[in-house]
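Chain residues, written in single-letter form:
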Amino acid sequence: MSILITRPAPAGEELVKRLRAVGRTAFSAPLIEIFPGADLPLLSQKLQWLSAGDLVFLLSKNAVHYANEQLIQEGQSWPDKLSYYGIGKSTSLMFHQQTRLNIFWSEQGETSEDLLQLPALQQIDNKKILLLRGNGGREVIASTLRMRGGKVDYCECYSRQPVKYHTADFSLHWQQCGIRTIVVTSGEMLQLLYNVVTDSDGKAWLLGCCLIVVSERLANIAQSLGWRVIKVAKSADNDALMQALE
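About the criteria used
Every chain is numbered independently, its residues counted from 1 as its sequence is written. A pLDDT threshold of at least 70 governs which residues receive local features in this predicted model, and a stricter bar of 80 or more applies before side-chain atom pairs are shown or counted, although totals over entire chains, interfaces and linings include all residues. Only hydrogens and water are set aside when side-chain values are computed; all heavy atoms of the structure are taken into account. UniProt positions are given in the numbering used here, feature names are shortened, and annotations may be inferred rather than shown by experiment. With axes taken as lines fitted to C-alpha atoms, and helix axes fitted only over the stretch in contact, angles between N-to-C directions fall between 0 and 180 degrees. Only DSSP runs of H or I reaching four residues or more are called helices, and only runs of E reaching two or more are called strands; each is numbered from the N terminus. Here is the rule for angles: anything less than 35 degrees is roughly parallel, anything more than 145 is roughly antiparallel, 65 through 115 is roughly perpendicular, and the remaining ranges are oblique. Each helix crossing is assigned a hand: it is left-handed if the near helix lies turned anticlockwise from the far helix by less than a right angle, otherwise right-handed if that turn is clockwise. Residues are treated as being in contact if the distance between any of their heavy atoms lies within 4.5 Å. Each residue is assigned to one class: nonpolar for Ala, Val, Leu, Ile, Met, Phe, Trp, Tyr, Cys and Pro, charged for Asp, Glu, Lys and Arg, and polar for all the others, Gly among them. Classification of residues uses two cut-offs on accessible area relative to the type maximum, computed with a 1.4 Å probe and protein chains only: under 20% is buried, over 50% is exposed, and between them is partly exposed. Delimitation of the domains relies on an automatic or database domain assignment. Throughout, the accessible surface (probe 1.4 Å) given up by two parts as they are put together, summed over both, is called the buried area. By definition, a salt bridge exists where a carboxyl oxygen of Asp or Glu is found within 4 Å of a side-chain nitrogen of Lys or Arg.

- Labelled according to an unreviewed UniProt entry, the protein appears under the name Uroporphyrinogen-III synthase, originating from Xenorhabdus hominickii.
- Its UniProt record gives the protein a comment under Catalytic activity (unreviewed entry), which states: "hydroxymethylbilane = uroporphyrinogen III + H2O".

## Some remarks on the packing of helix 3 (residues 61-73) against helix 4 (residues 89-99)
So, step 1. The geometry of helix 3 relative to helix 4 is characterised by a closest axis approach of 8 Å and an angle of 20 degrees between their N-to-C directions. As far as their axial angle goes, helix 4 and helix 3 are roughly parallel. Where helix 3 crosses over helix 4, the handedness of that crossing is right-handed. Facing K61, V64, H65 and N68 of helix 3, the residues of helix 4 in contact are S90, T91, M94, F95, Q98 and T99.
So, step 2. Within the contact of helix 3 with helix 4, the residues separate by chemical class into three nonpolar, six polar and one charged.

## Let's talk about the packing of helix 8 (residues 187-196) against helix 9 (residues 200-208)
Between two packed helices, the angle of one axis relative to the other and the distance separating the axes together describe the packing.
So, step 1. The geometry of helix 8 relative to helix 9 is characterised by a closest axis approach of 9 Å and an angle of 145 degrees between their N-to-C directions. Together, L193, Y194 and N195 of helix 8 and K203, L206 and L207 of helix 9 make up the contact between the two elements.

## Let's talk about helix 6 (residues 140-147)
Residue pairs three or four apart in sequence face the same way in an α-helix, which turns once every 3.6 residues.
So, step 1. Along helix 6, the positions that sit buried rather than exposed are I141, A142, T144 and L145.
So, step 2. Just past helix 6, the residue G149 takes up positive phi, approximately 105 degrees.

## Some thoughts on the domain arrangement of the protein
So, step 1. Each domain of the protein was delimited in the assignment, giving domain 1 (2-31 + 164-245) and domain 2 (35-160).
So, step 2. Between domain 1 and domain 2, the C-alpha centre-to-centre distance is 28 Å.
So, step 3. Facing the six residues of domain 1 at the interface are five residues of domain 2.
So, step 4. For the pair domain 1 and domain 2, the summed buried area comes to about 440 Å², and 48% of that belongs to carbon and sulfur atoms.
So, step 5. Among the residues of domain 1 in contact with domain 2, E188, R217 and D237 are the three that bury the most area, contributing 64% of the side total.
So, step 6. Scanning the region where domain 1 abuts domain 2 turns up one salt bridge.
So, step 7. E188 is paired through a salt bridge with R160; the nearest N and O atoms lie 2.8 Å apart.

Structure (structure tokens):
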């Protein structure tokens, strides 16, 4: 049974290598590519706008990578007077390892909703908040923090762009490769995957595959689209996905 990994490089390629190393048949077909974000030149200015005790949210490992690289290129450092929050353990540990600064995350899970449950985020009247993220994405963190009294700003640190595949070739090729399990790590990629297969035979194959997702929210979306066999990994990092694929 072959496995298709749809997450972008480098994490997608790393997962394929790990699966092949333990004897599994796995392929990479990234549905999005990651590029530097339009707001990176403004990052230093946006950080300086914040005062002691204000909040910075790192909403993905890509945000950590591109933001940190930008500050290094400018000879700048992360202010140590701010409170940093990460979405999930892996993103938070990456930030800590690269900056040596403390960062808070939820031990309960890796979703926006889990992060927003932290006690320190319940009362944030008049705090300035900077969200480091990609283009688009969910608005639940921003809208919730505004409702709680925060003054929210964004910095687009990276940009997600769909990879263009020929629809007929995509489904036919992966059917011929024996793909029966597909790993999807975001709602955007799930919709792209569903849309890239348009013929009825391809759709039947696609929805008949076992789908590995990284949250109950994604599982619910997948179920509404027609998938029947869905497994939820404990988190979006490759360790959790390896475990889900056992």
